[in-house]
Amino acid sequence: MFSQTARQILMQEVNVEGPSNQMALEVCAVYEMILVHLGFILGEEGGLALFRNSLRRTQSAFPFYAEVVAVERQTLLAALKACLQKQIPACILEASIALLEQF
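This is a predicted model, so every value here is computed, not measured. Each chain has its residues counted from 1, running along the sequence as written. Confidence filtering applies because this is a predicted model: local features only for residues at pLDDT of at least 70, side-chain atom pairs given and counted only at 80 or more, and all residues used for totals across whole chains, interfaces and linings. Remark: hydrogens and water are excluded; side-chain values derive from all non-hydrogen atoms of the structure.

A. How the structure looks around helix 4 (residues 76-85). When helix 4 is considered as a whole, its buried residues turn out to be Leu76, Ala79, Leu80, Cys83 and Leu84. Axial view of helix 4: buried residues confined to an arc of 130 degrees, hence all on one face. Should any heavy atoms of two residues lie within 4.5 Å, those residues are considered in contact. Numbering of helices and strands runs from the N terminus; a helix is a DSSP stretch of H or I covering at least four residues, while a strand is a stretch of E covering at least two. Turning to helix 4, the residues buried within the fold contact helix 2 (20-58), helix 3 (66-69) and helix 5 (89-102). With a 1.4 Å probe rolled over the protein chains alone, any residue whose accessible area is under 20% of its type maximum counts as buried; one over 50% counts as exposed, and the rest are partly exposed. Taking the helix axis as origin, the arc is that swept by the directions to the C-beta atoms.

Right, dumping it as structure tokens:
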């Protein structure tokens, strides 16, 4: 059920017709916005811990997330952007939807 909501959120915020580097940037902007809002509730560390856990849970379906999980918390979104930029647009969208579902 949340899969459809996650898809709608990302489709609203991300230009799925764009190149991989632009899509990755826009996807990371969505996650950054969510982390900022979660930071008010959970604190910055709490939000990042939840996000990292979501990455771990999603990496079985999208193994390239393993390289993101391994980085320090301060560089998590930068690592995610770099990781996603290497993927084709359709994969970026599906991997981002799966991650948002877990998040």
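B. Layout of the environment of Glu26. Secondary-structure assignment places Glu26 in helix 2. Since its relative accessible area comes to 19%, Glu26 is described here as buried. C-alpha separation for the pair Glu26 and Ala78, spaced 52 residues apart in sequence, amounts to 12 Å. Setting aside residues no more than four positions away along its own chain, Glu26 makes contact with Glu13, Val14 and Asn15.

C. How the structure looks around the packing of helix 1 (residues 2-13) against helix 5. The convention used is that axes are lines fitted to C-alpha atoms, helices contributing only their stretch in contact, and that angles between N-to-C directions extend from 0 to 180 degrees. Viewed as axis vectors pointing N to C, helix 1 and helix 5 meet at an angle of 125 degrees, and their least axial separation amounts to 9 Å. One finds that helix 1 runs oblique with respect to helix 5. In terms of crossing hand, the pair formed by helix 1 and helix 5 is right-handed. For the pair formed by helix 1 and helix 5, the contact residues are Phe2, Ser3, Ala6, Arg7, Ile9, Leu10 and Met11 on the first element and Leu93, Glu94, Ser96, Ile97, Leu100 and Glu101 on the second. Note on residue categories: nonpolar means Ala, Val, Leu, Ile, Met, Phe, Trp, Tyr, Cys or Pro, charged means Asp, Glu, Lys or Arg, and polar means any other residue, Gly included. Residues of the contact of helix 1 with helix 5, tallied by class, amount to eight nonpolar, two polar and three charged. Under this scheme an angle from 65 to 115 degrees is roughly perpendicular, one under 35 degrees roughly parallel, and one over 145 degrees roughly antiparallel; angles in between are oblique. The crossing is said to be left-handed when, going from far helix to near helix, the turn is anticlockwise and less than a right angle, and right-handed when the turn is clockwise.

D. Representation of the packing of aromatic side chains within the structure. Here a Phe, Tyr or Trp ring, Trp counted by its six-membered ring, pairs with any other such ring whose centre lies within 6.5 Å, and the pair is stacked when the planes are under 30 degrees apart, edge-to-face when over 60, and tilted otherwise. Evaluated as defined, the whole model comprises six aromatic pairs. Grouped by ring-pair contacts, the aromatic residues Tyr31, Phe51 and Phe103 constitute a single cluster.

E. Representation of the pattern of salt bridges in the model. In the sections that follow, a salt bridge refers to a side-chain nitrogen of Lys or Arg positioned within 4 Å of a carboxyl oxygen of Asp or Glu. Under the definition given, this model contains one salt bridge. As a salt-bridge pair, Glu67 and Lys86 come within 3.1 Å of each other at their nearest N and O atoms. A residue pair is termed long-range when its members are at least 10 positions apart, and Glu67 in helix 3 and Lys86 in the loop between helix 4 and helix 5 qualify at 19 residues. Its relative accessible area of 60% is what places Lys86 among the exposed residues.

F. Representation of a nonpolar patch on the surface within the structure. Residues Val36, Phe40, Ile41, Leu42 and Leu50 make up a contiguous nonpolar surface patch of about 530 Å² in total accessible area. By secondary structure assignment, the location of Val36 is in helix 2. Relative accessible area serves as the criterion here: at 45%, Val36 is assigned to the partly exposed category. Each patch is assembled from residues with relative accessible area greater than 30% and no salt bridge, linking like charges that lie within 9 Å and nonpolar side chains (Val, Leu, Ile, Met, Phe, Trp, Tyr) that lie within 5 Å. Computed with a 1.4 Å probe, the accessible areas rest on the Shrake-Rupley method; for each residue, only the protein chains presented here act as cover.

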